[in-house]
Amino acid sequence: MRIARFVAQGDPTFGVVELAEDQGPNPETVAVVSGDPLAGPVHYTGERLTLADVRLVAPVIPRSKVIGVGRNYAEHAAEQGAPVPSSPLVFLKPNTSVIGPGEPIVYPAETSNLHYEGELAVVIGRICRRVPPERAAEVVFGYTIANDVTCRDLQAADGQWTRAKGFDSFCPLGPWIATHLGMDEAGRLDLLTSLNDEPVQTANTSEMVHSIPDLIAYVSSFTTLLPGDVILSGTPAGVGPMVAGDRVSVTISGIGTLTNPVVSEEA
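The present account deals with the structure reproduced in this document. Everything numeric in this text was worked out from a predicted model, so none of it was measured.

As for unusual backbone geometry
Line of reasoning, step 1. Cis geometry is found at the peptide bond from Gly174 to Pro175, where omega equals 0°.
Line of reasoning, step 2. Of note, Pro175 is situated in strand S14 (residues 171–178).
Line of reasoning, step 3. In this structure, Glu28 takes a positive phi of about 60° despite not being glycine.
Line of reasoning, step 4. Within the element layout of this structure, Glu28 appears in the loop between strand S2 (13–18) and strand S3 (29–33).

What to know about the packing of aromatic side chains
Line of reasoning, step 1. This structure, assessed with the given rule, holds three aromatic pairs.
Line of reasoning, step 2. Judged by centre distance (5.3 Å) and plane angle (65°), the rings of Phe91 and Trp161 are edge-to-face. Here Trp161 lies in the loop between helix H2 (152–158) and helix H3 (162–166) and Phe91 lies in strand S7 (residues 89–93), a separation of 70 residues in the sequence. Accessibility classification places Phe91 together with Trp161 in one group, the buried group.
Line of reasoning, step 3. Relative to Phe170, the ring of Phe167 lies with its centre 5.2 Å away and its plane at 45°, an arrangement referred to as tilted.

With respect to the pairing of strand S16 (residues 198–204)
Line of reasoning, step 1. Relative to S16, strand S15 (residues 190–195) is paired through six bridges, and the arrangement is antiparallel. When the sheet's bridge partners are listed, Leu191 is paired in S16 with Ala203.
Line of reasoning, step 2. Joining the antiparallel neighbours S15 and S16 is a turn of two residues, in which Asn196 adopts a positive phi near 55°.

A closer look at helix H5 (residues 212–220)
Line of reasoning, step 1. Of all nine residues making up H5, seven are buried, and the element is well covered by its neighbours.
Line of reasoning, step 2. On the buried face of H5, the contacting elements are strand S6 (66–70), S7, strand S11 (118–124), strand S12 (140–147), helix H4 (183–186) and strand S17 (230–232).

Quick look at the layout of surface pockets
Line of reasoning, step 1. Roughly 160 Å³ of volume is contained in the largest pocket.
Line of reasoning, step 2. Taken together, 16 residues make up the lining of the largest pocket; nearest its centre are Arg71, His76, Arg152, Gln155 and Trp161.

Brief notes about the sheet that holds strand S9 (residues 105–107)
Line of reasoning, step 1. As summarised here, the arrangement of the five strands in space is S9-S20-S19-S15-S16, forming an open sheet in which the pairing is mixed. The strands lining the two open edges of the sheet, one partner per strand, are S9 and S16. Averaged over all adjacent pairs, the angle separating strand axes in this sheet is 20°, with direction ignored.
Line of reasoning, step 2. As paired elements, strand S19 (residues 247–252) and strand S20 (residues 256–264) share six bridges and run antiparallel to each other. Bridge assignment links Ser249 to a residue of S20, and that residue is Thr259.

Cut-offs used in this document
Residues numbered from 1 in each chain as written. Predicted model: local features only at pLDDT ≥ 70, side-chain atom pairs only at ≥ 80, totals over all residues. Heavy atoms only, no water. Helix = DSSP H or I, 4+ residues; strand = E, 2+ residues; numbered from the N terminus. Phe/Tyr/Trp six-rings, centres within 6.5 Å; stacked < 30°, edge-to-face > 60°. Buried < 20%, exposed > 50% of the residue type's maximum accessible area, 1.4 Å probe, protein only. Pairing = 2+ DSSP bridges. Contact = heavy atoms within 4.5 Å. 1 Å grid on protein atoms, 1.4 Å probe; cavity = no way out; pocket = protein on both sides within 12 Å on 5 of 7 lines; lining within 4 Å. Points joined across faces, edges and corners; volume = space filled by probe spheres on them. Axes fitted to C-alpha atoms, helices over the stretch in contact; angles between N-to-C directions.

Written out as structure tokens, the structure reads:
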């Protein structure tokens, strides 16, 4: 199942997406549901809309936090000239950094070296703490796609990553949440990031240093995870600069494609 959050008229609404590849009776549509599936039970309203007639927004706005993981692919650590951490290297991104598909990544005046980082994102579905790896699947609502936008020069200058990764618009998420993927499937998905339709990152999530169950176990060992919290699982090698006028797309097999334009702050 693909859970989308979209705007047709009025406030954002949740729905279940059916694509042509599903070979179902209602291709390229979204079936509207009542309520928030991350907050409690929902019901189909009977209304169905064409995907082309709605505007997708971020499938989740984390109620408390986005947790990022650094250097979780060995080749990315190597291209950064940094060691692979023996335990997950984590940081926080504010929920105000979250935007949806098609929304612009704003190039702030404070940086001159803005980078894309395509990633698999894990959406938490229940309150949890100290989750053992073997029970990690029980707390996952689903998976989506993320771009962990980073000011590389500010990251180096500050010596920590909050400002470099925390600007508004620095956490695109979407296009929807895939709830049908099992933990094993999520651990072997192909990832492709393209800049203006040119491939720049290619990897498989099986290349992660720390697996999704291990990430959930580690993060939940020091903080309570809430429904809607998002864990970014790290980016592979191939990160690089983007400028105003560029378009970045991150595609993950079994989920879809997240695309965002880059605009100048003055635009």
